[in-house]
Structures are given as structure tokens and as C-alpha cells.
Amino acid sequence: MDKKLLSIKNLKKNFLIQNKILKAVDDVSFDIIKGKTFAIVGESGCGKSSIANMIANLIKPTSGQILFENRSIFKNDNELKKNIQMIFQDPYLSLNPKMKISEIILEPIKIHKKFKKEKELNLLTSLLNQVNLSSTIAKRYPHELSGGQRQRIAIARSIALNPKFIICDEPLSSLDISTSSQIISLLKNLQQNLNLSYLFISHNLAVVKYISQNAAVMYLGKFLELAPSSKLFLNPLHPYTQALISASFSFKKKNNDKVILKNEIPSPLNPPKGCLFSTRCPYAKNECFEIRPALKEVEKDHQVACHLVKTPSN
Ligand code: SF4
């Protein structure tokens, strides 16, 4: 049976902006399985990165639980900190320009472990090898490297403490297509070799389809659909998921219609009263503007928040 590494329960994050409450993350629950990838997709500003930052313990939730192997991540626990690492969006910003590559990669080791110089050097060479970089790069500074090399350095740093779990927050967004595909292959290989679990945040559905086993589609702070990735891409049920997939792949509804998004995403400070997607949904009916649909299981492991999608008992 699949073992849970992380359990996220009823997670909420509110921000106070212009004297209004912005619900960046609104009652989100999901599990991350050992050795697997859980992806969250959605347009920018939907709350994906707030979830990542809460799991990385960079910001505190308004309420809810995040359990790592059944222990709350909010305990001041060094073992936990080592086991949860993060790769950020922009390798140009996430690496300290004043530090040499060797210092950047070994920084977590120096904070958490004490090694002799010789062991440190062996580890540095091994980490660079694991991300397919030559050890000669260790003496250089970030500005001397390409974007792809920098992201490999960020990945080497993230595995330095032998973690169980890595949050990948849009790790490809600043890279070109060919470099992105190399980084994706690298992440997949490392996952297999090191038995890593990933939370993969992205707006790129093709990448999510390729890398994840489970995925959630997020919109204005809520999950609208959550399923094993194979089901989500083969049989997307929520109109928003269908629209996103239509835009990226050749998905069409049974009547051969493509689902096309209309209007802009509403302000998260002023979300629609009923279904969050009602202002853009081609199938919206009166009920949709009044009543917000709950996320409900419509088949095994497949949850959808839409009045049109019926549960087996309906
Ligand atoms: Fe569209 Fe209504 Fe379903 Fe919302 S509940 S996605 S508006 S059909």
C-alpha cells in the first residue's frame, strides 16, 4: 500500500490587503505519497506558492495542519528541517551572487552537520556529479553560469542533506524548452535514485502530466479538481480543468467542442459569491452564481467541485 509522507489538512492562509481579507489558500487538503510527485497547477496568483511556502515553513498558515510522517512541521525539529527542502522559481535570484558554488552547495551541510574538510570535498564532488556538472565549476560564482547550470546547483544544494521531500516551485519557469526538459529528466532520475517525494508547482500542464502521479487544479485559493494524474488528463471533469487541458493538448469534449476560457480571472479580493469559476464558465447556470459547489468524490480518488458533475449517489 502507498505510504503517506505528508498530510495537509484543511489548510488556510489569509492575508489582510487594503482592509480586506484575501483568502490565498482556502481549506485545502491532500496527501503526498512516499517516492511520488504531487503537482498543483493553476494560473499565477491562485495560491500555489502560498501552499509551497507554508509547507516549507516560510510562512505560517492561518489554520490547518501539515503533518510530515505524522509530526507537525511547525515543531522546531532539526531532523524535519533537513528532510524538507525547496527549489525556487528563479535560479538567478535563489543563489547568493557573492558566494562560490562550493560554498552555496555546502552551506546546508555547514549549518546542520560537522564534516572534516576532506569529507566535505568528497561530498561536493558527489553532489555535482549527481546533477551532471563537473567539479571544476565549484570555484566559480553564479553569474559565470547559465540558467540551467544554476538550477542544477540549486538542485545539488537541495539534496545535500539527503532529504526525503523537495518542493519544486515552478523550477522551469525561467528556463528555455531544451534546458527545461533536461532539468525534468534530472529531477526524475534523482527521484528514482534517492526515493524522493516532490510537491511540483507549475502552470505547465505538459510537464505536470509527465512528472506527477497525482495532481490538483487550483483556482482562487481552492482546489477545483484533484485526482491521479492519469485520470485527470484522460478524463478531466471540471470545466476549468477541461479549458486548461484544451489549451495545452488536443483534448475535446465528447461533442467535439473545445472548452475555451472567457473573461479574466476575478480579483482574489473580490471572488464570485457562488462557484469561483462562474464568471468564466461556459456552462454556468443560475445555481452556480448563488451556491459554491463543494469538492466531492465522484469516483475513487477523483474529487471535483462543480454542480454539473454528479456523485455516484446522485
Ligand atoms: Fe461551471 Fe457551474 Fe460547474 Fe462552476 S459549478 S464549474 S459555474 S457548471
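The structure this text deals with has already been given above.
This write-up is about the structure you can find in this document. Here the structure is a predicted model, which means the values were calculated and not measured. (Residues numbered from 1 in each chain as written. Predicted model: local features only at pLDDT ≥ 70, side-chain atom pairs only at ≥ 80, totals over all residues. Heavy atoms only, no water.)

## Remarks on the overall build of the protein chain
- Across its full length, the protein chain holds 11 helices and 12 strands.
- For the protein chain, whose C-alpha radius of gyration is 21 Å, the value lies close to the compact-globule estimate of 20 Å for 314 residues.
- Overall size of the protein chain, expressed as C-alpha extent along the three principal axes, is 70 × 45 × 40 Å.
- Within the protein chain, buried positions represent 49% of all 314 residues.
- Counting only contacts in the protein chain whose residues sit at least 6 apart along the sequence, the fraction spanning at least 24 positions is 63%.
- Accessible surface, the protein chain: about 15700 Å² in total, of which carbon and sulfur atoms supply 50%.
- Each charge class in the protein chain can be summarised by its mean position, and for the 45 positive and 25 negative side chains these summaries are 2 Å apart. (Helix = DSSP H or I, 4+ residues; strand = E, 2+ residues; numbered from the N terminus. Rg over C-alpha atoms; globule rule 2.2 N^0.38 Å. Buried < 20%, exposed > 50% of the residue type's maximum accessible area, 1.4 Å probe, protein only. Contact = heavy atoms within 4.5 Å. Areas by Shrake-Rupley, 256 points an atom, 1.4 Å probe, with all protein chains shown as cover. Lys, Arg positive; Asp, Glu negative; His and termini not counted. Charge placed at Lys NZ, Arg CZ, Asp CG, Glu CD.)

## Description of the sheet that holds strand 7 (residues 165-169)
- One open sheet holds the 8 strands; their spatial order is 6-7-8-3-9-10-12-11, and the pairing between them is mixed. Edge positions in the sheet fall to strand 6 (84-87) and strand 11 (296-299), since each has one partner strand and no second. Neighbour-to-neighbour, the strand axes of the sheet open up by a mean angle of 20 degrees, direction not taken into account.
- With 6 bridges joining them, strand 9 (residues 214-219) and strand 10 (residues 222-228) adopt antiparallel strand pairing. Directly across from asparagine 214, in strand 10, lies its bridge partner proline 228.
- Running over the sheet, helix 10 (residues 239-248) touches strand 9 and strand 10 and is turned about 105 degrees from strand 9. (Pairing = 2+ DSSP bridges. Axes fitted to C-alpha atoms, helices over the stretch in contact; angles between N-to-C directions.)

## Let's talk about helix 6 (residues 147-159)
- With 13 residues, helix 6 extends 19 Å from end C-alpha to end C-alpha; this agrees with the ideal 18 Å at 1.5 Å per step.
- Here helix 6 lies mainly inside the structure; 12 of its 13 residues are buried.
- Those residues of helix 6 hidden inside the fold are in contact with strand 6, helix 3 (91-94), helix 4 (101-112), helix 5 (117-130), strand 7 and helix 7 (177-194). (Expected span 1.5 Å × (residues − 1).)

## Here's the deal with the site of the ligand
- Around the ligand, 13 residues are found, and the nearest of them are Cys275, Cys281, Cys288, Cys306 and His307.
- The residue inventory of the shell around the ligand, partitioned by class, reads 10 nonpolar, 3 polar and no charged. (Near = heavy atom within 4 Å. Nonpolar A, V, L, I, M, F, W, Y, C, P; charged D, E, K, R; others polar.)

## Quick look at the sheet that holds strand 1 (residues 4-17)
- Sheet architecture is open: 4 strands sit in the order 2-1-4-5, paired in antiparallel fashion. Whereas interior strands pair on both sides, the edge strands pair on one side only; in this sheet they are strand 2 (20-33) and strand 5 (71-72).
- Examined bridge by bridge, strand 1 and strand 2 share 11 bridges and lie antiparallel to one another. Bridge pairing in strand 2 links leucine 11 to valine 28.
- Sheet contacts for helix 1 (residues 48-55): strand 1, strand 2 and strand 4 (63-68); angle to strand 2, the most-contacted strand, approximately 65 degrees.

## Section: the nonpolar core
- Among the nonpolar cores identified, the biggest contains 57 residues, and Ile105, Leu128, Ile153, Ile155, Leu187 and Phe200 are the most heavily contacted of them.
- If you count residues domain by domain, this core takes at least three from each of domain 1 (4-212) and domain 2 (231-304).
- Among residues more than four places away in sequence, those in contact with isoleucine 105 are Leu124, Leu127, Leu128, Ile153, Ala156, Arg157 and Ala160.
- With 29 residues, the next largest nonpolar core counts Ile32, Phe38, Ile55 and Leu226 among its residues. (Core = buried A, V, L, I, M, F, W, Y, C linked by side-chain atoms within 4.5 Å. Domains from an automatic or database assignment.)

## Looking at unusual backbone geometry
- Residue asparagine 57 is not a glycine yet carries a positive backbone phi of 65 degrees.
- Judged by relative accessible area, asparagine 57 falls into the partly exposed class, the value being 30%.
- At aspartate 301, a residue that is not glycine, the phi angle is positive and equals roughly 65 degrees.
- Residue position: aspartate 301 is located in the loop between strand 11 and strand 12 (302-304).

## What to know about the pairing of strand 6
- Residues Ile84 and Met86 line one face of strand 6 and the alternating positions Gln85 and Ile87 line the opposite face, and both faces are buried.
- Summarising the sheet, strand 6 and strand 7 pair through 4 bridges and their orientation is parallel. What sits directly across from methionine 86, in strand 7, is isoleucine 167.

## A word on the environment of leucine 261
- When you line up the elements, leucine 261 lands in the loop between helix 10 and helix 11 (286-290).
- Exposure remark for leucine 261: the relative accessible area of 29% places this residue in the partly exposed category.
- Along the backbone, leucine 261 and arginine 280 are 19 residues apart, and their C-alpha atoms lie at a distance of 6.1 Å.
- With residues near it in sequence (within four places) discarded, leucine 261 still touches Tyr240, Ala243, Phe277 and Arg280.

By themselves these figures say nothing about function.
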